[in-house]
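# Residue-level structure breakdown
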Amino acid sequence: MDKYEIFKKNVNELINIDLNYYKEKQMKRRISSLLTRNSFKDFDDYFIGLKNNRDLLEQFINYLTINVSEFYRNPSQWDVLEKDIIPSLMAKNKRGFKIWSAACSTGEEPYSLVMMLSNFFPLKDIKVLATDIDEEAMSKAKLGLYSEKSLANLPRGFKEKYFSKIEGSYRISEDIKKCVEYKKMDLLKDRFPSNIDLITCRNVMIYFTEDAKELLYSKFYNSLNDNGILFVGSTEQIIMPEKHKLKAARTFFYEKII
């Protein structure tokens, strides 16, 4: 067994993250770069460092989870969500929505959902479950402080209504933050919530192997209610969705086949 295989096994035992689910060439290159940057000679040496240094381990987890996000990422998709998908869901469902932002990173996506839904419902009636494997990213989300660049695609009215400028940054309002509940979750290992109306999981599955994607599609299918919608990223269109008992409602939006 080579050193990277041993490293993957040891990491899974240490932090319960299975690197076999990630595309190997891409992940191995990223980790090799990280260990070199931290002056370790090989994977064995690096794992000893991870095991004995909490800061180093947190850096590794943050790097692993590839946190890149912004508000209203790919605005044309959000336009379809607001003008087509949400009205369609409202026509079928009079009891209120259950919404889950999977792999929520530093909070831009769940907060974008809350702001968009504020065009349809009072804030007191909006609840979004937001999950991620990276606790530090979620801590940043709970803090709610963002760069001007991350707000570039946000509708102007939302920026003026829900953000306050603090020196070079923008703080999101407490009214929006109160609508989001954060929980740690490993999408590949943990149980999914049930009876969900809208799941957003965007720009995450591109890093997974085909076997991991198969597992996720099945879990998402079971998590959705009969009228539910899965919203994926702009580079994550599902090929032959019927194979996974899903069908395209719009481009990058999928509903379950009953």
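Details of the structure are given in the entry above.
Presented here is a report on the structure given in the accompanying data block. (Residues numbered from 1 in each chain as written. Predicted model: local features only at pLDDT ≥ 70, side-chain atom pairs only at ≥ 80, totals over all residues. Heavy atoms only, no water.)

## Points about the overall build of the protein chain
Tallying secondary structure elements over the protein chain gives ten helices and ten strands in all. Here the C-alpha atoms of the protein chain give a radius of gyration of 19 Å, agreeing with the 18 Å that 2.2 N^0.38 yields for 258 residues. Across its three principal directions, the C-alpha atoms of the protein chain cover 55 × 50 × 25 Å. In the protein chain, which comprises 258 residues, the share counted as buried stands at 48%. Taking the intrachain contacts of the protein chain between residues at least 6 apart in sequence as the baseline, contacts between residues at least 24 apart amount to 72%. (Helix = DSSP H or I, 4+ residues; strand = E, 2+ residues; numbered from the N terminus. Rg over C-alpha atoms; globule rule 2.2 N^0.38 Å. Buried < 20%, exposed > 50% of the residue type's maximum accessible area, 1.4 Å probe, protein only. Contact = heavy atoms within 4.5 Å.)

## Notes on the pairing of strand β2 (residues 128-132)
Two faces make up the sheet, and in a regular strand the side chains alternate between them. Of all five residues in β2, five are buried; the element is thus mostly enclosed. Relative to β2, strand β1 (residues 99-102) is paired through four bridges, and the arrangement is parallel. From the neighbouring strand, A102 faces β2, where its bridge partner is T131. Where the polypeptide runs from β1 across helix α6 (residues 108-117) and back to β2, its parallel neighbour, the crossover connection is right-handed. The pairing of β2 with strand β6 (residues 180-184) spans five bridges and is parallel. Considered in β6, the bridge of T131 is made with K183. (Pairing = 2+ DSSP bridges. Right-handed = clockwise from strand over helix to strand, strands pointing away.)

## Focus on unusual backbone geometry
In this structure, Y72 is a non-glycine residue whose phi angle is positive, near 50 degrees. Since its relative accessible area comes to 5%, Y72 is described here as buried.

## Side note on the sheet that holds strand β4 (residues 163-166)
Pairing in this open sheet of three strands is antiparallel, and the strands run β3-β5-β4 from one edge to the other. Looking along the sheet, the strands with just one partner apiece sit at the ends: β3 (145-147) and β4. Strand-to-strand twist in this sheet, taken as the mean axis angle between neighbours without regard to direction, amounts to 35 degrees. Relative to strand β5 (residues 169-172), β3 runs antiparallel, the two being bridged by three bridges. The residue bridging Y146 from the neighbouring strand is Y170, located in β5. (Axes fitted to C-alpha atoms, helices over the stretch in contact; angles between N-to-C directions.)

## A look at the packing of helix α1 (residues 3-15) against helix α2 (residues 24-37)
Contact geometry of α1 with α2 gives a least axis separation of 12 Å together with a crossing angle of 85 degrees. Comparing their axes, α2 and α1 come out roughly perpendicular. For the pair α1 and α2, the contacting residues are Y4, E5, F7 and K8 in the first and E24, M27, K28 and I31 in the second. When the residues that make up the contact of α1 with α2 are grouped by side-chain class, the tally is four nonpolar, no polar and four charged. (Parallel < 35°, antiparallel > 145°, perpendicular 65-115°, else oblique. Nonpolar A, V, L, I, M, F, W, Y, C, P; charged D, E, K, R; others polar.)

## Focus on helix α3 (residues 43-52)
Taken together, the buried positions of α3 are F43, Y46, F47, G49 and L50. Axial view of α3: buried residues confined to an arc of 160 degrees, hence all on one face. α3 presents K51 and N52 as exposed residues on the side facing more than 90 degrees away from its buried surface. (Arc of directions from axis to C-beta.)

## Here's the deal with the sheet that holds β6
Here seven strands make up an open sheet; going across it, the order is β6-β2-β1-β7-β8-β10-β9 and the pairing mixed. Lying at the two open borders of the sheet, with one neighbouring strand each, are β6 and β9 (246-250). Strand-to-strand twist of the sheet, defined as the mean angle between neighbouring strand axes without regard to direction, takes the value 25 degrees. Docked against the sheet, helix α5 (residues 75-92) engages β7 (196-201), β8 (224-232), β9 and β10 (253-256), running at close to 175 degrees with respect to β8. Where helix α7 (residues 135-143) meets the sheet, it contacts β2 and β6, and its direction lies at approximately 165 degrees from that of β6.

## Let's talk about the pattern of salt bridges
Taken as a whole and judged by the stated rule, the model has 17 salt bridges. Between K8 and E5 there is a salt bridge, with its nearest N and O atoms 3.1 Å apart. Residue K8 and its partner E5 are located together in helix α1, separated by three residues, close to a single helical turn. As a salt-bridge pair, K124 and D125 come within 3.3 Å of each other at their nearest N and O atoms. (Salt bridge = Lys/Arg side-chain N within 4 Å of Asp/Glu carboxyl O.)

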